[in-house]
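Descriptive structure summary
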Amino acid sequence: MTQISSIAPLAPHRDNLPRGTICIEDLEVGMSRYLQKEITDRDIALFAEVSTDHNPVHLDDDYAHDTIFEGRIAHGMLTAGLVSAVIGEQLPGHGTIYLGQSLKFLAPVRPGDVVRAEVTVADINYTNRRVALDCICTIKDKPVLKGEAQVLATSRKFD
């Protein structure tokens, strides 16, 4: 079995529980997990490289200053990636498979902002191992992203 080695975190993050797996048998509606991360210039530059999205609103101060944002902003999907991190690492965690995601971007995220990404169990279908999750990202309690995710959770019966 080949495992891709992980790299050290780019910037410190804080979360409320250790990483791992919560099997569907242990999930309950209302369970919630989060992480907080400061978005850095390096995060934005690396996301641009990986995604190949080099829109100057993310990378060029002069260009971005003349936009409606009046400065550079992080890629929306970089912010959404923090939701993915909570789902893949904490709730339900390792082994979870994304089935779908809806997102609404409510406000820009800028370099230096500390984003809190939180995921809450909204509904569970134990028979099909499907879990609906409410997702929100905030900066200083102000929502910047809201959405819902549908995932396939692991089960002690099969995994």
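Below is a short write-up of the structure. In this text, all values refer to a predicted model and were calculated from it rather than measured experimentally. (Residues numbered from 1 in each chain as written. Predicted model: local features only at pLDDT ≥ 70, side-chain atom pairs only at ≥ 80, totals over all residues. Heavy atoms only, no water.)

1. Description of helix α1 (residues 41-51)
- Those residues of α1 that sit buried are Asp43, Ile44 and Ala48. All buried residues of α1 fall inside an arc of 135° around its axis, so they share one side. Across α1 from its buried face, at more than 90 degrees, point the exposed residues Glu49 and Val50.
- Where α1 is buried, its residues meet β2 (32-38), α2 (56-59) and α4 (76-89). (Buried < 20%, exposed > 50% of the residue type's maximum accessible area, 1.4 Å probe, protein only. Helix = DSSP H or I, 4+ residues; strand = E, 2+ residues; numbered from the N terminus. Arc of directions from axis to C-beta. Contact = heavy atoms within 4.5 Å.)

2. Topic: the environment of asparagine 125
- Inspection of the secondary structure assignment puts asparagine 125 in strand β4 (residues 114-125).
- The exposure class of asparagine 125 is partly exposed, given its relative accessible area of 30%.
- Along the sequence, asparagine 125 and leucine 152 sit 27 residues apart, while their C-alpha atoms lie 9.7 Å from each other.
- The contact partners of asparagine 125, leaving out residues within four places of it in the chain, are Ile24 and Arg130.
- A polar contact is formed between the side chain of asparagine 125 and the backbone nitrogen of threonine 127, at a distance of 3.1 Å.
- From its side chain, asparagine 125 meets the backbone nitrogen of asparagine 128 in a polar contact 3.0 Å long. (Polar contact = N/O pair within 3.5 Å; in protein donor to acceptor, adjacent residues only side chain to side chain.)

3. What about the pattern of salt bridges?
- Scanning all chains against the criterion turns up 5 salt bridges.
- Notably, a salt bridge pairs lysine 37 with aspartate 43, separated by 2.6 Å at the nearest N-O pair.
- Take lysine 37: its relative accessible area is 13%, and that puts it in the buried class.
- Glutamate 118 is paired through a salt bridge with arginine 116; the nearest N and O atoms lie 3.4 Å apart.
- On the accessibility criterion, glutamate 118 (23% relative accessible area) is partly exposed.
- Through salt bridges that share partners, Asp41, Asp61 and Arg72 make up one connected network. (Salt bridge = Lys/Arg side-chain N within 4 Å of Asp/Glu carboxyl O.)

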